[in-house]
Amino acid sequence: MTTRFFNARIWDFSAERAREAQLTEESGVIRAVSFDKEPLPADRSVDCGGRLLLSGFVDSHMHLPGSQLYRRHGVYLMECTTLAEYQRALLPHRNDQGILRGFGWNQQVFQEDPAALAQLRRFLDETFPQLPGALFSDDYHSCLCNACLLRQAEEFLPAQTLPEDGLLTERMVFALMDGYPPLAFARQDVEDALLACQELYLSRGITAVQSLMAIGMEDETCMAAVCGLAEQGEWHLHVNFAVTAHPGSSPRKVLETLRTRQRRQGPLVRLNTVKIYADGVVDNASAFLRKPYSDCRGRGTPIWAEAVLERFCTFFDREGVQIHVHVIGDGAAEEITWALERAMAQNGRVRNENRHVLAHCQLVDEAAAERMGRLGLYAALQPFWFPGKRVYGVDAERLGDRAEACYPCASLLERGAVVTLGSDLPVTPDPSPLVGMACAMNRRKEEERLTFSQALEAYTAAGMRQLGQGDEAGIIAPGYRADFVLVDGASEDFSADAVARMKVARTYVGGQCVYE
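Calculation notes
- Residues numbered from 1 in each chain as written.
- Predicted model: local features only at pLDDT ≥ 70, side-chain atom pairs only at ≥ 80, totals over all residues.
- Heavy atoms only, no water.
- Helix = DSSP H or I, 4+ residues; strand = E, 2+ residues; numbered from the N terminus.
- Rg over C-alpha atoms; globule rule 2.2 N^0.38 Å.
- Buried < 20%, exposed > 50% of the residue type's maximum accessible area, 1.4 Å probe, protein only.
- Contact = heavy atoms within 4.5 Å.
- Phe/Tyr/Trp six-rings, centres within 6.5 Å; stacked < 30°, edge-to-face > 60°.
- Lys NZ or Arg CZ within 6 Å of the ring centre and 35° of its normal.
- Pairing = 2+ DSSP bridges.
- Axes fitted to C-alpha atoms, helices over the stretch in contact; angles between N-to-C directions.
- Parallel < 35°, antiparallel > 145°, perpendicular 65-115°, else oblique.
- Left-handed = near helix turned anticlockwise from the far one by under 90°.
- Nonpolar A, V, L, I, M, F, W, Y, C, P; charged D, E, K, R; others polar.
- Core = buried A, V, L, I, M, F, W, Y, C linked by side-chain atoms within 4.5 Å.
- Polar contact = N/O pair within 3.5 Å; in protein donor to acceptor, adjacent residues only side chain to side chain.
- Expected span 1.5 Å × (residues − 1).

Caption draft 1: A look at the overall build of the protein. Within the protein, the secondary structure is distributed over 18 helices and 21 strands. Taken over C-alpha atoms, the radius of gyration comes to 23 Å for the protein, in line with the 24 Å a tight globule of 516 residues would show. With respect to the three principal axes, the spread of C-alpha positions in the protein is 75 × 50 × 45 Å. With 516 residues in all, the protein has 60% of them scored as buried. Intrachain contacts of the protein at a sequence separation of at least 6 include 74% that bridge at least 24 residues.

Here it is as structure tokens:
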């Protein structure tokens, strides 16, 4: 059956304006697009009501199932802004059994009051003396543990390296998540959270995502649950998964894991990405900078030794596997761009054939930016974090004047890097691409602002190329997948303020309406 979508407006990138148009869809694929008045032949018609019709949005960097596991089956702390509010949110769980699992505390609270962290740790020990407790920060890079949990975790968290305040960062957080089974959620809770996360994404017009390390579970558990939901017909979102690797990981074993999980791939679920962390975050001073932090000694340390990183990149680039790298500091950006350049050269590549990605790119110096452009690396940025009317407090305190230069979006685009946009959900609680586009168009530093067309391409066509599906979806054209979104409130004004007020009316995946 052929369906005609008419009375729509499609964005014309070459003319930088919306034009009245119609299209037809059959078997989940766009068959024809016309700007003429004469109706295209079809078996049935859908009136788009004069709305803007855009290709389905892509979130280029996020973590399934966002915060939904903790919202629905744990302790959600992202709406708390003071120590007292954290304590009030935790108190009702005094009689819980098994384990206390929380998510969402913000480093800013403890930055403003240095004594607050010790007070919260003391509160956890006194209120939950027999219940192991783990509270993850809103960026998932830090975890505050009570004494009960640390006693149980001694066998894989060496006691001599445990911080006295119970605050674990990067390497120890990963060790805790990998080696402490009580942190895992029940399968039915996982599926419930995934469906709630999917509902949020479809309501924002997002039809495809790059999901990295899962929140609240192992990557394998998350992928298996999504595949199960897809088989039951309950899953509609296109997902590209990744296998997470760390410096001690054997590249061959990581590849074996990836190939094994690839057997579960289907129309909606794919996997050809390995995720690594080059450094930490500015919030806990674990990001690797070229110059010291403004408010403390040191400049952070890289997670990988240079030679190990280069060998790792060379191996996976040779195997045709995409490498997706968490990069925050300019020191880390320098290290990973060198490693990728050498790896690609050893494998006889001049350009980024495997679509390697640098996510976040908070600080990137001129040389690293030039290298990213020359190699054609992808920069998966989060526009919600771009400095707007003000600079985020922790960044201003820890980076000083460098905070104004964070996330050089337009600069990377101009140098030839492929910019994609996303949310890093759950760090950004609402992943709305329309809001993200407005942030990218109206950021504090004018020379780093994107145009509407640039922001839209980063959220659509460029995002699909990053996911390895650029020849299947991402543009409104014949032969491409009928994944698109109808947007309310789009007139002739496509300024940042106007875009921020737009709302998703309907979302289609494969020509089927999955949100209205």
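Next comes the rest of the write-up.
Caption draft 2: Seen up close, the packing of aromatic side chains. One pass over the structure, following the stated rule, counts 21 aromatic pairs. When the ring of Phe103 is compared with that of Tyr140, the centres are 6.0 Å apart and the planes differ by 55 degrees; the resulting orientation is tilted. Separated by 37 residues along the polypeptide, Phe103 in strand S8 (residues 100-105) and Tyr140 in the loop between strand S9 (133-137) and strand S10 (142-145) bring together distant segments of the chain. Taken as a pair, Phe103 and Tyr140 share a single burial class, namely buried. Chaining the aromatic ring pairs together yields one cluster made of Tyr70, Phe103, Phe136, Tyr140 and Phe185. One cation-aromatic arrangement involves Arg19 over Phe35; the distance from NZ or CZ to the ring centre is 4.0 Å.

Caption draft 3: Structural view of the sheet that holds S9. The mixed open sheet is built from five strands, whose spatial order is S7-S8-S9-S10-S11. This sheet does not close on itself; its edge strands, each paired only once, are strand S7 (75-76) and strand S11 (167-169). Sheet analysis places S9 next to S10, joined by three bridges and oriented antiparallel. Across the sheet, Leu135 pairs through a bridge with Leu144, a residue of S10. Across the sheet, helix H2 (residues 83-90) is in contact with S7, S8 and S9; its angle to S8 comes to roughly 150 degrees.

Caption draft 4: Spatial organisation of the packing of helix H7 (residues 187-203) against helix H8 (residues 219-231). Relative orientation of the contacting elements H7 and H8 amounts to 70 degrees, with a least axis distance of 10 Å. Looking at the two axes, H7 sits roughly perpendicular to H8. Crossing hand, H7 versus H8: right-handed. Listed contacts from H8 to Arg187, Val190, Glu191, Leu194 and Leu195 of H7 are Cys222, Ala224, Ala225, Val226 and Leu229. Looking at the contact of H7 with H8 residue by residue, the classes come out as eight nonpolar, no polar and two charged.

Caption draft 5: Representation of the environment of Asp317. Turning to its location among the elements, Asp317 is positioned in helix H10 (residues 306-318). Look at Asp317 and you get buried, because its relative accessible area is 1%. Separated by 39 residues in the primary sequence, Asp317 and His356 have C-alpha atoms spaced 8.5 Å apart. Beyond its immediate sequence surroundings of up to four residues, Asp317 is in contact with Ile323, Ala343, Met344, Asn347, Arg349, Asn354 and His356.

Caption draft 6: Looking closely at the nonpolar core. If you look at the biggest cluster of nonpolar residues, it comprises 135 residues, and the most contacted ones within it are Leu64, Phe136, Leu176 and Leu412. The contacts of Leu412, once residues within four sequence positions are left out, are Cys361, Val364, Ala369, Met372, Ala379, Leu381, Ala417 and Val419. Formed by 20 residues, the second largest nonpolar core is a distinct cluster that contains Tyr86, Phe110, Leu120 and Leu144.

Caption draft 7: Quick peek at unusual backbone geometry. A cis amide bond links Leu64 with the next residue in sequence, Pro65, at an omega value of -5 degrees. For Pro65, the position within the fold is in the loop between strand S6 (57-62) and helix H1 (68-73). Look at Arg355: it is not a glycine, yet its phi comes out positive at around 60 degrees. By the element assignment, Arg355 lies in the loop between helix H11 (330-346) and strand S16 (357-360). Phi angles above zero are rare outside glycine, and Cys361 is one such case at about 50 degrees. Mapped onto the elements of the fold, Cys361 is located in the loop between S16 and helix H12 (366-375).

Caption draft 8: Fine view of the side chain of Asp365. Along the chain, Asp365 falls in the loop between S16 and H12. A polar contact of 3.0 Å, which involves the side chain of Asp365, links it to the side chain of Arg290. Side-chain polar atoms of Asp365 contact the backbone nitrogen of Ala368, separated by 2.8 Å. Excluding residues within four positions of it along the chain, Asp365 makes contact with Arg290 and Asp330.

Caption draft 9: The arrangement of H10 in detail. With 13 residues, H10 should cover 18 Å at 1.5 Å per step; its first-to-last C-alpha distance of 18 Å lies within 8% of that length. Backbone geometry just downstream of H10 places Gly320 in the positive-phi region, at approximately 75 degrees.

Caption draft 10: Quick peek at the sheet that holds strand S12 (residues 206-211). As summarised here, the arrangement of the eight strands in space is S6-S12-S13-S14-S15-S16-S17-S18, forming an open sheet in which the pairing is parallel. Looking at which strands have only one partner, the edges of the open sheet turn out to be S6 and strand S18 (418-421). Strand-to-strand, the axes of this sheet are offset by a mean angle of 25 degrees, without reference to chain direction.

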